[in-house]
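The residues making up each chain are set out below.
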Number of protein chains: 4
Amino acid sequence: MIKAKIIGATGYGGVGAIEILSNHPLVELVSISATQDIGKHINDLYPHLNGICELEIDDPDNDVECDVLFLATPDGVGMGYADKYYNNNIKIIDYSGDFRFNTEDLYNEYSRRIGKNIAHKSSHLLKESVYGVAELHRNNISKSSIVGNAGCFAVSSILAIAPALKENLIDYNSIIFDAKTGISGAGKKATDAYHYPHRYEQMNAYKIATHQHVMEIENEISKIIKKNIAVTFTAQVLPIVRGIMTTVYARLNENVDYEKLFNAYKQFYQNDSFIDLYGMADNVGSRHVRGSNKCALWINVDTRTNMMVIVSHIDNLMKGQASNAIQNMNVMFGFDEGLGLRFIPSYP
Amino acid sequence: MIKAKIIGATGYGGVGAIEILSNHPLVELVSISATQDIGKHINDLYPHLNGICELEIDDPDNDVECDVLFLATPDGVGMGYADKYYNNNIKIIDYSGDFRFNTEDLYNEYSRRIGKNIAHKSSHLLKESVYGVAELHRNNISKSSIVGNAGCFAVSSILAIAPALKENLIDYNSIIFDAKTGISGAGKKATDAYHYPHRYEQMNAYKIATHQHVMEIENEISKIIKKNIAVTFTAQVLPIVRGIMTTVYARLNENVDYEKLFNAYKQFYQNDSFIDLYGMADNVGSRHVRGSNKCALWINVDTRTNMMVIVSHIDNLMKGQASNAIQNMNVMFGFDEGLGLRFIPSYP
Amino acid sequence: MIKAKIIGATGYGGVGAIEILSNHPLVELVSISATQDIGKHINDLYPHLNGICELEIDDPDNDVECDVLFLATPDGVGMGYADKYYNNNIKIIDYSGDFRFNTEDLYNEYSRRIGKNIAHKSSHLLKESVYGVAELHRNNISKSSIVGNAGCFAVSSILAIAPALKENLIDYNSIIFDAKTGISGAGKKATDAYHYPHRYEQMNAYKIATHQHVMEIENEISKIIKKNIAVTFTAQVLPIVRGIMTTVYARLNENVDYEKLFNAYKQFYQNDSFIDLYGMADNVGSRHVRGSNKCALWINVDTRTNMMVIVSHIDNLMKGQASNAIQNMNVMFGFDEGLGLRFIPSYP
Amino acid sequence: MIKAKIIGATGYGGVGAIEILSNHPLVELVSISATQDIGKHINDLYPHLNGICELEIDDPDNDVECDVLFLATPDGVGMGYADKYYNNNIKIIDYSGDFRFNTEDLYNEYSRRIGKNIAHKSSHLLKESVYGVAELHRNNISKSSIVGNAGCFAVSSILAIAPALKENLIDYNSIIFDAKTGISGAGKKATDAYHYPHRYEQMNAYKIATHQHVMEIENEISKIIKKNIAVTFTAQVLPIVRGIMTTVYARLNENVDYEKLFNAYKQFYQNDSFIDLYGMADNVGSRHVRGSNKCALWINVDTRTNMMVIVSHIDNLMKGQASNAIQNMNVMFGFDEGLGLRFIPSYP
């Protein structure tokens with residue numbers, strides 16, 4: 001039984017962690033904290049937690065004995081807490097971009113591209129941190145004390161392209177990610193863009209050619225082939241609450257056909273219980289994964305244009321955030337990787 | 001004042017035509033017909049038409065004096081009616097693929113690709129018919145007696161790519177259409193895929209690499225550069241009722257920048273009142289066009305990957321079907337092209 | 001041709017008036033004003049108005065020659081403008097509760113019940129103002145220079161009960177209004193309650209037994225029988241954007257049956273083209289009226305419990321607000337009452 | 001460990017039972033059967049069950065050793081299976097109206113009112129069966145071998161009114177249930193009324209004064225005061241998938257105030273862990289219960305009209321169907337009543 005603390009517990013990502021950890025057989029949730037609403041009970045803010053978790057919201061700076069810290073906080077916040085916990089041998093999982101890059105240079109470029117331009121406050125930890133996608137970095141995560149939990153668009157994109165890159169099946173200069181996200185990805189804060197009357201029957205692209213997750217994707221997939229890859233990425237938002245569907249396009253290399261492609265994915269993910277592979281005879285939608293830690297990859301080839309077309313589905317709040325964070329925790333502590341995470345996708 | 005008849009009046013496309021023609025200042029709607037529900041009043045099926053149009057549904061084979069016939073019918077049906085009306089000097093606008101191709105060879109290939117494999121019953125009319133996108137074929141439509149109204153995905157795609165092709169700004173082998181449609185595109189028939197509890201919170205691709213509109217798009221855009229173009233096209237359906245958002249990717253040719261690209265579109269559509277152009281500083285969504293005959297084209301360039309990224313929005317039931325058909329009618333009869341079609345997009 | 005000015009033009013109610021007046025054949029919209037966003041073009045805020053209305057937002061205090069003023073403003077605001085315009089012989093239509101009551105005492109009680117407790121700034125105009133439901137007060141509105149446009153819940157409720165009360169068919173102490181509203185009724189301001197991820201799949205009652213529209217309803221229906229009536233009213237909000245469905249319950253008096261009840265409604269509304277009556281054999285939903293100025297009244301009797309059950313449908317932004325205001329304007333100026341208001345309900 | 005069989009496993013109610021039983025610590029699901037799709041795997045029909053339950057769909061008539069049978073079947077079906085299983089000492093939980101009444105006379109009247117007019121095929125079991133709401137009949141259910149699982153509207157209504165009736169706090173002739181349901185209540189079969197484009201932005205009442213659940217409600221609540229009660233009940237359907245909100249109105253007896261009323265509910269449900277009580281200071285919506293076995297009762301009094309206004313929320317597929325059935329099973333087998341049923345309501 002380990003003890004867990006959450007900082008940033010009152011956003012969707014924090015609440016997701018509360019829900020999962022409250023039912024996790026090897027975790028005791030000892031502290032939920034946030035900079036606002038201190039002293040209130042979490043179930044007063046989120047009444048669906050009545051009877052599940054009724055902890056008081058604590059000041060993040062209060063000292064609590066714990067074994068793992070979830071920093072469910074925005075860019076630039078977790079880096080301010082990490083050092084102290086790290087030095088106390090508390091394992092750290094950060095939800096933001098703060099620990100997704102391993103060098104100060106990379107972080108600086110990221111910070112510039114998200115328009116923040118801040119200096120990293122715990123830059124000495126960057127080389128210790130591991131990128132939080134267990135399917136790619138399981139071994140390193142298991143030995144690490146600090147993990148940068150992956151961004152939701154990035155999880156969806158990277159899992160969809162990694163095997164094709166690794167096996168050299170595609171032209172790495174031709175990669176396009178056309179990503180569609182549900183609204184919960186924007187968080188709990190009410191804004192004009194997500195006001196119900198404005199959003200229903202509304203779909204739109206945003207931050208075209210400038211989205212902050214692009215660098216994270218490029219950085220991770222470049223590692224696979226040890227070459228710098230630039231990708232075209234379009235973020236689009238739709239009147240769905242949970243779900244990311246990313247359609248991935250890339251030109252197939254010569255002599256690569258559907259069978260070869262499919263087998264590469266099968267091989268790559270043979271030990272990954274949360275990756276579901278589907279082929280050209282299938283029909284796959286967001287309801288295959290909604291509410292679960294799954295990623296569904298639907299492998300297709302357009303023989304007329306010699307393009308790979310892979311459709312990747314995740315629940316952005318689960319495999320794209322909270323349940324992926326707990327999966328990382330399970331790996332870090334040597335637990336069964338799927339412990340407490342085998343949720344049935346919600347239907348209807 | 002001209003007289004109009006509709007065959008296939010009880011589907012969404014037929015009802016759309018009823019609504020528009022009922023308020024059109026130069027049209028009298030004299031007959032609405034369908035093979036089912038003959039004898040019922042249209043407002044008994046569609047109570048929102050109470051007081052607007054309360055005509056009885058007629059047998060399509062009944063003779064009615066008219067000047068224009070709308071064939072709001074599926075593939076293979078309109079071809080059975082066309083000859084008789086054409087010979088009676090009645091202008092024809094067909095909603096299906098029946099008159100979108102100018103040769104029997106092309107139609108046969110289309111028919112095979114949509115899995116019908118039928119012989120065209122009025123093949124002698126194919127060379128007379130004009131593809132029904134006024135922005136591209138205004139002059140020919142104005143002289144024609146038979147028009148093949150464009151498919152919804154095709155309108156959205158073709159309008160988005162035509163200027164770039166015409167001005168030779170892109171690599172025509174690199175074109176990708178990532179298309180997202182609302183559900184009304186599948187028509188009024190209740191099916192499992194569009195049963196409300198199944199569809200809410202559900203998005204999915206379908207007919208990957210095999211969609212029937214691909215050939216129509218390729219055929220039309222190949223005419224522009226007089227070379228055969230093969231495109232990658234992905235249809236996706238979302239829990240929205242009205243709207244198509246097509247994100248178009250193509251590699252820019254050398255020395256083509258955003259300004260040159262944007263100006264090409266401005267030039268191409270300078271006389272087209274239903275095309276709204278937007279640039280990189282804008283934010284564009286489906287609510288810009290919903291319920292109207294507009295097509296919004298949002299022009300972007302990703303300089304990192306040298307890709308054109310154009311987001312095209314239409315209302316699939318309007319510019320993608322019924323109002324586009326009336327626009328064609330206006331052109332065929334020499335009316336003001338926008339007569340009866342200047343709808344305010346619905347908001348909120 | 002009359003000239004119209006709108007104050008409070010940037011909320012949903014103001015935008016609704018802009019849309020209708022822009023197409024009204026006897027009105028020129030000369031000024032749209034608001035206290036925020038002065039100097040911006042309305043279509044920059046609401047891009048669906050591109051090409052429809054591109055006026056600059058004016059300062060409300062700027063003098064503009066006009067014949068009618070729409071005060072699309074919240075409680076307590078219109079009363080500050082009314083006097084000046086009234087004295088200049090400009091007809092006034094106010095959207096709030098400011099001019100829905102004819103005495104200072106009534107207004108004071110209303111003000112207290114909505115938690116404002118403000119003194120009326122133009123109380124001398126209260127006795128001049130007419131309650132803005134043309135179906136009940138057509139004659140007085142036609143002679144009036146100031147109208148208090150009815151609240152959306154109130155329109156829906158009053159139209160549903162008036163004939164039964166007038167003909168003494170029900171026990172006036174037994175009236176219950178169970179009202180369900182779409183979200184647009186709460187306006188354009190983004191709030192937690194109407195943040196898309198919170199609101200989808202969420203329905204709830206609110207302000208039980210204390211809603212501000214209750215007094216307005218009671219005051220109006222008490223006039224009909226010249227006795228004070230207290231009603232039970234429950235407001236509920238659902239994940240719909242446009243629409244109010246109010247289910248009205250009242251105990252039938254002795255010897256009142258369905259036929260007698262239905263005939264009373266038929267008689268009462270015989271000259272009202274925007275009231276659609278439906279009986280027990282019908283099926284009526286919000287799509288009968290959505291986007292239109294209609295009120296659909298579905299008359300039912302439960303013979304087992306001797307209760308009248310009437311289901312009333314309106315579009316809250318239309319008959320519940322903007323189009324009802326223009327209907328009042330038409331009556332005030334002696335125009336055809338339905339001029340510019342015969343919208344087809346939107347479907348699908 | 002007990003063995004469970006489901007007949008009618010492929011509807012929403014059957015799938016709900018599959019999900020719950022697959023994770024129930026004391027149940028082994030040994031057979032899922034249906035009259036259609038025999039031989040297919042359940043996860044081919046419902047891919048969200050991949051890895052959760054991949055059983056083949058069996059013929060209902062095949063003999064399988066089991067301890068409990070769930071008849072997730074429509075009216076008139078379960079009665080054909082019950083006798084055989086009952087005689088084999090297999091406990092039975094039926095989802096339909098087949099076993100909700102204890103006499104043939106009552107069943108005949110019910111059958112007539114739902115328009116079926118069938119004779120009961122296992123009428124000798126009616127006197128053995130218990131109405132399946134554990135909060136009211138826990139003791140009898142624990143001793144019973146056959147339970148008629150309650151209807152969704154009925155659960156929602158009965159739980160909301162029982163304490164007030166039992167303590168004689170209301171005029172039993174004044175009871176009104178204004179019930180609003182999500183669409184999943186109509187089941188998985190695609191129909192015009194629930195076709196997505198028709199249903200979005202659509203709310204409507206149906207079967208006014210004639211709904212089949214009325215008799216079930218009246219029968220149950222009449223038992224409480226041992227007098228025949230007739231109620232007014234209105235079913236309404238909204239564009240929500242899961243959830244019933246029933247607003248209950250009744251005139252308070254003399255000297256009954258809010259405190260007395262609230263305490264009656266508190267007392268009545270003191271041992272019921274799935275009933276959450278809320279008072280006038282609270283705000284309660286469907287998200288309090290969605291996806292869970294909870295019933296939220298929000299107790300209010302309108303002192304101006306002396307009416308009780310109680311808003312009752314359940315998830316129609318859970319406390320209104322599948323999880324309520326498992327709760328009954330837990331009671332029948334002497335398990336902890338909440339075993340396998342403590343779901344966190346889904347949010348956002």
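Residues numbered from 1 in each chain as written. Chains lettered and ligands numbered in written order. Predicted model: local features only at pLDDT ≥ 70, side-chain atom pairs only at ≥ 80, totals over all residues. Heavy atoms only, no water.

**A word on the overall build of chain A**
Now for step 1: The number of helices and strands found in chain A is 10 helices and 14 strands.
Now for step 2: Here chain A has a C-alpha radius of gyration of 20 Å; the compact-globule value for 348 residues is 20 Å, and the two agree.
Now for step 3: When the backbone C-alpha atoms are referred to their principal axes, chain A occupies close to 60 × 45 × 40 Å.
Now for step 4: Restricting to contacts in chain A with at least 6 residues of sequence separation, those with at least 24 account for 69%.
Now for step 5: Counting only carbon and sulfur atoms, one obtains 44% of the accessible surface of chain A, whose full area is about 11,800 Å².
Now for step 6: When the 32 positive and 39 negative side-chain charges of chain A are each reduced to one mean point, those points stand 4 Å apart. (Helix = DSSP H or I, 4+ residues; strand = E, 2+ residues; numbered from the N terminus. Rg over C-alpha atoms; globule rule 2.2 N^0.38 Å. Contact = heavy atoms within 4.5 Å. Areas by Shrake-Rupley, 256 points an atom, 1.4 Å probe, with all protein chains shown as cover. Lys, Arg positive; Asp, Glu negative; His and termini not counted. Charge placed at Lys NZ, Arg CZ, Asp CG, Glu CD.)

**Quick notes on the relation of the copies chain B and chain A**
Now for step 1: Rotating chain B by 180 degrees about the axis while translating it 0.0 Å along that axis superimposes it on chain A, leaving an RMSD of 0.0 Å. Those values place the two copies in the arrangement expected of a two-fold rotation axis.
Now for step 2: Looking at chain B, 100% of its interface residues are interface residues in chain A too, so the copies touch through the same face. (Least-squares fit on C-alpha atoms with pLDDT ≥ 70 in both.)

**Here's the deal with the sheet that holds strand β2 (residues 27–33) of chain A**
Across a sheet, paired strands are connected by hydrogen bonds in the backbone, their directions being either parallel or antiparallel.
Now for step 1: Strand order in this open sheet of 7 strands is β3-β2-β1-β4-β5-β7-β6 (chain A), and the pairing throughout is parallel. Bordering the open sheet on either side are β3 (57–58) and β6 (130–132) of chain A, each of which pairs with just one other strand. (Pairing = 2+ DSSP bridges.)

**Describing the relation of the copies chain D and chain C**
Now for step 1: Laying chain D over chain C is done by rotating through 180 degrees and shifting 0.0 Å along the axis; what remains is an RMSD of 0.0 Å.
Now for step 2: A share of 100% of interface residues in chain D that are also interface residues in chain C marks the association as one of identical surfaces.

**Some words on the nonpolar core**
Now for step 1: Formed by 204 residues in total, the largest nonpolar core has its most connected members in Ile175 and Met308 of chain A, Ile175 and Met308 of chain B, Ile175 and Met308 of chain C together with Met308 of chain D.
Now for step 2: Excluding its chain neighbours within four sequence positions, the residues that come into contact with Ile175 of chain A are Ile161, Leu165, Ile170, Ile221, Ile229, Val231, Thr232, Val248, Tyr249 and Ala250 of chain A. (Core = buried A, V, L, I, M, F, W, Y, C linked by side-chain atoms within 4.5 Å. Buried < 20%, exposed > 50% of the residue type's maximum accessible area, 1.4 Å probe, protein only.)

**Structural notes on the interface of chain D and chain C**
Now for step 1: Counting residues at the interface gives 52 residues for chain D and 52 residues for chain C.
Now for step 2: The junction of chain D with chain C conceals about 4,300 Å² of combined surface from both sides, 56% of it contributed by carbon and sulfur atoms.
Now for step 3: Of all residues in chain D, Glu201, Met203 and Arg304 of chain D give up the largest surface area on contact with chain C, accounting jointly for 19% of the area buried on that side.
Now for step 4: Run the count over chain D and chain C and you get 6 salt bridges.
Now for step 5: A salt bridge links Arg304 of chain D to Glu218 of chain C, with the nearest nitrogen and oxygen atoms 2.4 Å apart. (Buried area = accessible area lost by both parts, 1.4 Å probe. Salt bridge = Lys/Arg side-chain N within 4 Å of Asp/Glu carboxyl O.)

**Considering helix α5 (residues 134–143) of chain C**
All names here are of chain C.
Now for step 1: Of the residues making up α5, those classed as buried are Ala134, Glu135, His137 and Ile141. The buried residues of α5 occupy one face: seen down the axis, they fall within an arc of 125 degrees. Residues of α5 that are exposed and point over 90 degrees away from its buried face: Asn139 and Lys143. (Arc of directions from axis to C-beta.)

**Concerning the interface of chain B and chain A**
Now for step 1: Each side of the interface is counted separately: chain B has 52 residues, and chain A has 52 residues.
Now for step 2: Interface of chain B and chain A: buried area, both sides summed, is about 4,300 Å²; carbon and sulfur atoms make up 56% of it.
Now for step 3: Three residues stand out in chain B for area buried against chain A, namely Glu201, Met203 and Arg304 of chain B, and they jointly supply 18% of the buried area on that side.
Now for step 4: Applying the counting criterion to the chain B and chain A interface returns 6 salt bridges.
Now for step 5: Joining chain B to chain A, the criterion identifies 38 residue pairs in polar contact (both at pLDDT 80 or more). (Polar contact = N/O pair within 3.5 Å; in protein donor to acceptor, adjacent residues only side chain to side chain.)

**As for the domain arrangement of chain A**
Residue and element names in this part refer to chain A.
Now for step 1: Domain assignment breaks chain A into domain 1 (2–150 + 321–332) and domain 2 (153–314).
Now for step 2: Each of domain 1 and domain 2 was reduced to a C-alpha centroid, and the two centroids are 25 Å apart.
Now for step 3: At the junction of the two partners, domain 1 supplies 22 residues and domain 2 supplies 26 residues.
Now for step 4: For the interface between domain 1 and domain 2, the tally reads 3 salt bridges.
Now for step 5: Taken together, the connections running from domain 1 to domain 2 amount to 8 residue pairs in polar contact (both at pLDDT 80 or more).
Now for step 6: By residue class, the composition of the side of domain 1 that touches domain 2 is 10 nonpolar, 7 polar and 5 charged. (Domains from an automatic or database assignment. Nonpolar A, V, L, I, M, F, W, Y, C, P; charged D, E, K, R; others polar.)

**Comments concerning the packing of helix α6 (residues 152–166) of chain D against helix α8 (residues 213–225) of chain D**
Residues and elements named next belong to chain D.
Now for step 1: Two elements in contact, α6 and α8, have axes separated by 10 Å at closest approach and are oriented at 25 degrees. In terms of their interaxial angle, α6 and α8 are classed as roughly parallel. In this structure, the crossing between α6 and α8 has a hand that is right-handed. On α8, the residues that touch Cys152, Phe153, Ala154, Ser157, Ile158, Ile161, Ala162, Leu165 and Lys166 of α6 are His213, Glu216, Ile217, Glu220, Ile221, Ile224 and Ile225.
Now for step 2: Considered class by class, the residues forming the contact of α6 with α8 number 11 nonpolar, 2 polar and 3 charged. (Axes fitted to C-alpha atoms, helices over the stretch in contact; angles between N-to-C directions. Parallel < 35°, antiparallel > 145°, perpendicular 65-115°, else oblique. Left-handed = near helix turned anticlockwise from the far one by under 90°.)

**Quick look at the pattern of salt bridges**
All names here are of chain B.
Now for step 1: This structure, assessed with the given rule, holds 68 salt bridges over all chains.
Now for step 2: Note that Lys180 and Asp178 form a salt bridge whose closest N and O atoms lie 2.9 Å from each other. Exposure class is identical for Lys180 and Asp178. Each is buried.
Now for step 3: A salt bridge links Asp315 to Arg242, with the nearest nitrogen and oxygen atoms 3.0 Å apart. One end of the pair, Asp315, is in the loop between β14 (307–314) and α10 (322–332); the other, Arg242, is in the loop between β10 (232–237) and β11 (244–251), with 73 residues separating them in the sequence. When sorted by exposure, Asp315 lands in the same class as Arg242, which is buried.

**Re the environment of Ala296 of chain C**
Residues and elements named next belong to chain C.
Now for step 1: Within the secondary structure layout, Ala296 lies in strand β13 (residues 295–302).
Now for step 2: Judged by relative accessible area, Ala296 falls into the buried class, the value being 0%.
Now for step 3: Sequence separation between Ala296 and His313 is 17 residues; the distance between their C-alpha atoms is 5.1 Å.
Now for step 4: Apart from residues no more than four positions distant in its own chain, Ala296 is found in contact with Asp276, Tyr278, Val284, Val289, Val311, Ser312 and His313.

**A look at the state of the cysteines**
Residues and elements named next belong to chain C.
Now for step 1: Scanning the entire structure with this criterion turns up 0 disulfides over all chains.
Now for step 2: With no disulfide of its own, Cys152 has Cys295 as its nearest cysteine by sulfur position, at a separation of 13 Å.
Now for step 3: Taking relative accessible area as the criterion, Cys152 reaches 16% and is therefore assigned buried. (Disulfide = S-S within 2.5 Å.)

**A look at unusual backbone geometry**
Now for step 1: Here Tyr347 of chain A and Pro348 of chain A are connected by a cis peptide whose omega angle stands at -5 degrees.
Now for step 2: Along the chain, Pro348 of chain A turns up in the segment after α10 (322–332).
Now for step 3: With a phi angle near 55 degrees, Asn117 of chain B is a residue other than glycine that sits in the positive phi range.
Now for step 4: If you trace the backbone, Asn117 of chain B turns up in the loop between α4 (104–113) and β6 (130–132).
Now for step 5: With phi around 60 degrees, Asn89 of chain C is a residue other than glycine that occupies positive phi space.
Now for step 6: In this structure, Asn89 of chain C sits in the loop between α3 (78–87) and β5 (91–94).

**As for the environment of Asn324 of chain A**
Residue and element names in this part refer to chain A.
Now for step 1: Within the secondary structure, Asn324 is located in helix α10.
Now for step 2: Asn324 sits in the buried class, given a relative accessible area of 0%.
Now for step 3: The sequence separation of Asn324 and Ser286 amounts to 38 residues, and the corresponding C-alpha distance is 17 Å.
Now for step 4: Setting aside chain neighbours within four positions, we find Asn324 in contact with Gly132, Asn149, Ala150, Val155, Asn293, Met318 and Lys319.

**Re the pairing of strand β7 (residues 146–149) of chain D**
Residue and element names in this part refer to chain D.
Now for step 1: The side-chain alternation of β7 yields two buried faces, one formed by Ile146 and Gly148 and the other by Val147 and Asn149.
Now for step 2: Sheet analysis places strand β5 (residues 91–94) next to β7, joined by 3 bridges and oriented parallel. What sits directly across from Asp94, in β7, is Gly148.
Now for step 3: Alignment of strand β6 (residues 130–132) against β7, held across 3 bridges, turns out to be parallel. Among the inter-strand pairings, Tyr131 is bridged to a residue of β7, identified as Gly148.
Now for step 4: Note on the crossover from β6 through helix α5 (residues 134–143) to β7: the handedness is right-handed. (Right-handed = clockwise from strand over helix to strand, strands pointing away.)

**Things to note about the sheet that holds strand β7 (residues 146–149) of chain C**
Residue and element names in this part refer to chain C.
Now for step 1: Strand order in the open sheet formed by 7 strands is β3-β2-β1-β4-β5-β7-β6, and the pairing between neighbours is parallel. Each edge of the open sheet is held by one strand with a lone partner, namely β3 (57–58) and β6 (130–132).
Now for step 2: Running at roughly 165 degrees to β5, α3 makes contact with β1 (2–7), β4 (68–71), β5 and β7 of the sheet.

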